[in-house]
Amino acid sequence: MTTTTETLVPFTEAVQRYDPLIGLETHVELGTRTKMFCGCPTAFGAEPNSQVCPVCLGLPGSLPVVNRMAIEYTIRIGLALNCSIATWCRFARKNYFYPDMPKNFQISQYDEPLCTEGWLDVAVGERTIRVGIERVHLEEDTGKSLHVGGATGRIQGAEYSLVDYNRAGIPLVEIVTKPIEGTGADAPVAARTYVTELRDLLRSLGVSDVRMEEGSLRCDVNTSLAPRGSGRWGTRTETKNVNSLRSVERAVRFEIERQAAVLDSGGRVIQETRHFHEDTGTTTPGRSKEEAQDYRYFPEPDLVPVAPPADWVEQIKAALPETPSARRARLQAEWDLSEADMTALHNAGALDLVAETVAAGATPADARKWWLGELARRANEAGTELADLAMTPAQVARITELVSAGTLNDRLAREVIDAVLAGQGTPDEVVEARGLAVVSDEGELTKAVDEAIAANPVVAAKIREGKTAAAGVLVGAVMKATGSKADAPRVRELILQRLG
Amino acid sequence: MELTRMTAAELSAALADGQVSATEVTQAHLDRIAAVDDRVHAFLHIAADSALAQAADVDKRRATGEQLAPLAGVPVAVKDVFTTFGMPTTCGSRILDGWHPPYDATITQRLKQAGAVILGKTNMDEFAMGSSTENSAFGPSHNPWDLDKVPGGSSGGSAAAVAAYEAPLAIGTDTGGSIRQPAAVCGIVGTKPTYGGSSRYGVVAFASSLDTPGPFGRTVLDAALLHEAISGHDPMDSTSIDAPVPPVVAAAREADVSGMRIGVVTELSGDGYQPGVLSRFAEAVEVLESLGAKVTEVSCPHFKYALPAYYLIAPSEASSNLARFDAMRYGLRVGDDGTRDAEEVMALTREVGFGAEVKRRIILGTYALSSGYYDAYYGKAQQVRTLIIRDFDAAFGQVDVLVSPATPTTAFGIGERADDPMAMYLADLCTIPSDLAGNAAISVPCGLAAEDGLPVGLQVMAPALADDRLYRVAAAAEAAFTDRWGQPLLASAKG
């Protein structure tokens, strides 16, 4: 457990006295099949140092060759973020020593990024914030150090370290925002919403699996404050190790509270890198920028400049998929939903699932009903995401189909869902195996109705007198007799026919 | 038939005719190495077993009637900067002592595919930094013309091996003159091909934008045969040029300069040049004129800045390229006794593993790339490089090739310049411009300097991808000189 001795100002007070300024640097591992500069595979979770070769190990004499697909993916990202795409740019070497960097320099981009000057619109509450994108550039990922023997898993106090170079050389895109002003008390939410929107956009582009928990999407959060309305921005801090959407929000919030306390006491915010702690929601100092390294950037002489032809960029642009926000607007109209309904669907992470369920034949209303109702409850109980349930949109569509055909009623449908989630097969298999289908044989039903009328002469008499509300008792009796497999509305119709 | 005195072209013909076997040729050269290399010290590693195995394989394939490449069965020595699977690769440095690369350089692979027999790895200045092989961590090589003299560098081991008849052919790399300068002072032929014409994959990098692998031979035709065998596009090297290999062998056979326009570079002569070098060079120009070439003088005003620009660009790239030698993954590791952290082990290893000249250049390059100094040093040097390229462009607008002495002086004594880096750097004065511009150049013997009786090299420079012109001019000069001397220059060496 990491403790902090920082003094904090409560958030609502802090944002009354200070304007926050935030900026985000997001690293995205591209989902290319092979690495940035060699043919090694990029699959996550392989045996350590099993996906390496002379190139990504930086062995003496080896040379990099650019992965064309990584360039294409980066251009795709740049175009989706409304950036200008460079007609000519170079890679650069960023020089520093660290054991997980095989060459002790990282091939990156410095003053000639592939994409510049874009934006992404983000909905925060009622308003839309246009987040400026400073640059999108391409680089290679480093290896991964595992520090063994210490309490924290960090290098301090460790007995020894192991290095896995499987990740070394995986293409990594860095997306840097311009400073985001004017969000006030919404700053933490704005930061989170930006990363969420960016994640959805990247996923829709098919360029990355954007899994924060596996590190394929990583975020650094910059925060600084100005006395409210003054525009005099203070020193910024850069918070690293922010590994979930929730953490993005918490990290900004904590830094606002912490920096406000420093400034309130007449102190000075130090320009430094801070480390976010998931367990406590706090940040602690990392290395200070004052002892910052001189990276000695210079153009990478082992690579030729990248000059994407205009017609290629046009082709990539033409093939861009619909953006998530445009898609949401379209689906909202198509499904005839309110803004609030759409937001609920989006926040629940059910949008894609509902869309796929509709595509598989369900009505939008039915698809929404099952995913946001029964299935959301199950996911919540199991502590998982909706998308991780053992239930496909096609299966949900099939269940709604069975319900509207009268084969299942809602209670039976829930039973089918249970069985499918328990891995007992497809909805049709479950219905078949358990004999769950609604009794729709008119002869059988009529017989059950007649038996119910005979067994309840008083109720039957009331109905005959026109008190149709009493039919509920008979319906209940029929349902009980058929083990709830009857279609209740049909039973009611039959009863009224008989006694009408 | 003394096999070690034969040229590669002669060996190739004799092997093809079945007059001699690859095994006999290889054994003869291994015997020669055993007899003289304790004095010459051209080799860091002699690969006798694998060489004989390769030779036996060539003999077997030839016996089955298989059509083999021209160099099949011809021995070659390889500078210890090329990775070789199954042999150590040290780059003349302690820091790589004991490293066995798990892969072959593209050129190593091409040599093996051509059936050339790799005799071993040759000595060099540490990481190719130097002009004498005195910077080798494993002791200097000696010039076969005079064992007290340096064989030049950094590819001095390769040049000495060829000049001492230990190998008919050798491979080197040229970054600032590291093929042409040793070729000149050892009285043999050496070529720096067009940058990107020969693959750098598997060449342990000194300065990536300059390093160019190339051939050594005792004749122009031999150098052309090896040049052709190692050249051509390599998808593993992004800076490799995807264009047909210039017809260098055909040009060497034609050896015709009639009607060619040859420019003498004004700036590559005068003060600091040994008189005996200048007079041999002047004689060479006369010979070319007598063969029908049109000779003019051409000024390249920015060449005088080439040396300082080179000593900013090359160390800058080197400081970054050599960062990977950190004891973490391969090579030497010093101080890993459980009490030190990784950073300390890195520092100790680099302190012990690198020699003085390598450290000097790492420090120079680190400084030149530092924030606040970049524009004044690295940035300015790159601008100078552009001006030198423009000088060449303008010159090649007027003439087909440029000529100059290959070196300002003949071979100097071992130890003579070891404590004077500036004097050492001047050895590459004539060769550096072609490296900075990335075009092609050759050094071919043009006689002995009167004052010391040591060989002088004529440098011919051609535009990028016009490497064939080098061979046309050098072969014509070689033929005329051999006629005049009655024998190849090397035959007059005492050794």
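**Brief notes about the overall build of chain B**
- Helix and strand content of chain B: 16 helices and eleven strands.
- Here the C-alpha atoms of chain B give a radius of gyration of 21 Å, agreeing with the 23 Å that 2.2 N^0.38 yields for 495 residues.
- If you line up chain B on its principal axes, its C-alpha atoms span 70 × 55 × 45 Å.
- Each of the 495 residues in chain B was classed as buried or not, and the buried ones make up 62%.
- Put simply, of all contacts in chain B between residues at least 6 apart along the chain, 77% involve residues at least 24 apart.

**Observations regarding the overall build of chain A**
- Across its full length, chain A holds 16 helices and 14 strands.
- Summarising its shape, the C-alpha atoms of chain A cover approximately 95 × 55 × 50 Å along the three principal directions.
- Counting over 500 residues, chain A shows a buried share of 41%.

**A few points about the interface of chain A and chain B**
- Every contact between the two is made by 25 residues of chain A and, on the other side, 32 residues of chain B.
- Residues of the side of chain A that touches chain B, tallied by class, amount to 16 nonpolar, four polar and five charged.

**Some remarks on the sheet that holds strand S3 (residues 92–95) of chain A**
Residue and element names in this part refer to chain A.
- A sheet is described by the order of its strands in space; here three strands give the open sequence S4-S3-S14, paired in antiparallel fashion. Across the chains shown, the open sheet's two edge strands, defined by having one partner strand only, are strand S4 (105–108) and strand S14 (298–299).
- Bridge count between S3 and S4: four bridges; the pairing is antiparallel. Considered in S4, the bridge of Arg93 is made with Ile107.

**Examining the domain arrangement of chain A**
- By the assigned domains, chain A splits into domain 1 (11–314), domain 2 (322–434) and domain 3 (442–499).
- Each of domain 1 of chain A and domain 2 of chain A was reduced to a C-alpha centroid, and the two centroids are 35 Å apart.

**Re the environment of Met212 of chain A**
All names here are of chain A.
- Structurally, Met212 is set in the loop between helix H3 (187–205) and strand S10 (217–227).
- A residue is classified by how many C-beta atoms lie within 10 Å of it, and Met212, with 18 of them, is partly exposed.
- As for Met212 and Val176, which are separated by 36 residues in sequence, their C-alpha atoms are 17 Å apart.
- In this structure, Met212 is in contact with Leu217, Asn243 and Ser244, ignoring residues within four places of it in sequence.

**Description of the sheet that holds strand S6 (residues 212–217) of chain B**
Residue and element names in this part refer to chain B.
- Read across the sheet, eleven strands follow the order S1-S3-S2-S4-S6-S5-S10-S11-S9-S7-S8 without closing on themselves; strand pairing throughout is mixed. Each having just a single partner strand, strand S1 (43–46) and strand S8 (294–298) make up the two edges of the open sheet. Put simply, the sheet's adjacent strands are angled 30° from each other on average, direction ignored.
- As judged from the four bridges shared by strand S9 (residues 401–405) and strand S11 (residues 455–462), these two strands associate in the antiparallel manner. In the strand pairing of S11, Pro405 is matched with Leu458.
- Most of the contacts of helix H7 (residues 220–230) go to S6, to which it runs at about 145°, and overall it touches strand S4 (169–174), strand S5 (189–192), S6 and strand S10 (440–448).

**What about the pairing of strand S1 (residues 18–29) of chain A?**
Residue and element names in this part refer to chain A.
- A large share of S1 lies buried, amounting to ten of its twelve residues.
- Strand direction decides the pairing type here: S1 and strand S9 (residues 171–177), joined by five bridges, are antiparallel. Bridge assignment links His27 to a residue of S9, and that residue is Glu174.

**Considerations on the nonpolar core**
- Of all hydrophobic cores here, the largest spans 234 residues; its most connected members are Val76, Val460 and Ala474 of chain B.
- Each residue touching Ala474 of chain B, except ones within four places of it in the same chain, is listed here: Val189, Val220, Ile442, Val444 and Val460 of chain B.
- Formed by 27 residues, the second largest nonpolar core is a distinct cluster that contains Leu353, Trp371, Ala379 and Val403 of chain A.

**Regarding the environment of Arg39 of chain B**
Residue and element names in this part refer to chain B.
- The residue Arg39 is located in helix H2 (residues 22–40) in this model.
- Separated by 348 residues in sequence, Arg39 and Leu387 place their C-alpha atoms 44 Å apart.
- For Arg39, the contacting residues outside a window of four places in its chain are His142 and Leu147.

**Details of helix H10 (residues 306–321) of chain B**
- With 16 residues, H10 of chain B should cover 22 Å at 1.5 Å per step; its first-to-last C-alpha distance of 22 Å lies within 8% of that length.
- Across the 16 residues that make up H10 of chain B, a large majority, 14, are buried.

**Focus on unusual backbone geometry**
- The omega torsion of the bond from Gly153 of chain B to Ser154 of chain B falls at 5°, within 30 degrees of zero and hence cis.
- In this fold, Ser154 of chain B is placed in the loop between strand S3 (117–122) and helix H5 (156–163).

**Looking at the confidence of the model for chain B**
- Within chain B, residue pLDDT values average 97, and 100% of them lie at 70 or more.
- With pTM at 0.87, the complex prediction returns an ipTM value of 0.96.

**So, the packing of helix H8 (residues 351–359) of chain A against helix H10 (residues 393–404) of chain A**
All names here are of chain A.
- With their axes 8 Å apart at the nearest point, H8 and H10 run at an angle of 55° to one another. Accordingly, the angle class assigned to the pair H8 and H10 is oblique. The handedness of the crossing between H8 and H10 is right-handed. In this structure, H8 contributes Leu353, Glu356 and Thr357 to the contact, and H10 contributes Pro393, Val396 and Ala397.
- Per-class residue counts for the contact of H8 with H10 are four nonpolar, one polar and one charged.

**Thoughts on the packing of H2 of chain B against helix H3 (residues 48–63) of chain B**
Residue and element names in this part refer to chain B.
- Where H2 contacts H3, the axes come no closer than 8 Å and their chain directions differ by 160°. Judged on the interaxial angle alone, H3 and H2 are roughly antiparallel. Crossing geometry of H2 relative to H3 is assigned as right-handed. In this structure, H2 uses Ala22, Thr23, Thr26 and Leu30 to contact H3, whose residues at the interface are Ala48, Ala51, Leu52, Ala55, Ala56, Val58 and Asp59.
- When the residues that make up the contact of H2 with H3 are grouped by side-chain class, the tally is eight nonpolar, two polar and one charged.

Parameters at a glance
- Residues numbered from 1 in each chain as written.
- Chains lettered and ligands numbered in written order.
- Predicted model: local features only at pLDDT ≥ 70, side-chain atom pairs only at ≥ 80, totals over all residues.
- Helix = DSSP H or I, 4+ residues; strand = E, 2+ residues; numbered from the N terminus.
- Rg over C-alpha atoms; globule rule 2.2 N^0.38 Å.
- Buried ≥ 20, exposed ≤ 12 C-beta atoms within 10 Å, placed from the backbone.
- Contact = placed C-beta atoms within 7 Å.
- Nonpolar A, V, L, I, M, F, W, Y, C, P; charged D, E, K, R; others polar.
- Pairing = 2+ DSSP bridges.
- Domains from an automatic or database assignment.
- Axes fitted to C-alpha atoms, helices over the stretch in contact; angles between N-to-C directions.
- Core = buried A, V, L, I, M, F, W, Y, C linked by C-beta atoms within 7 Å.
- Expected span 1.5 Å × (residues − 1).
- pLDDT = per-residue confidence, 0-100.
- Parallel < 35°, antiparallel > 145°, perpendicular 65-115°, else oblique.
- Left-handed = near helix turned anticlockwise from the far one by under 90°.

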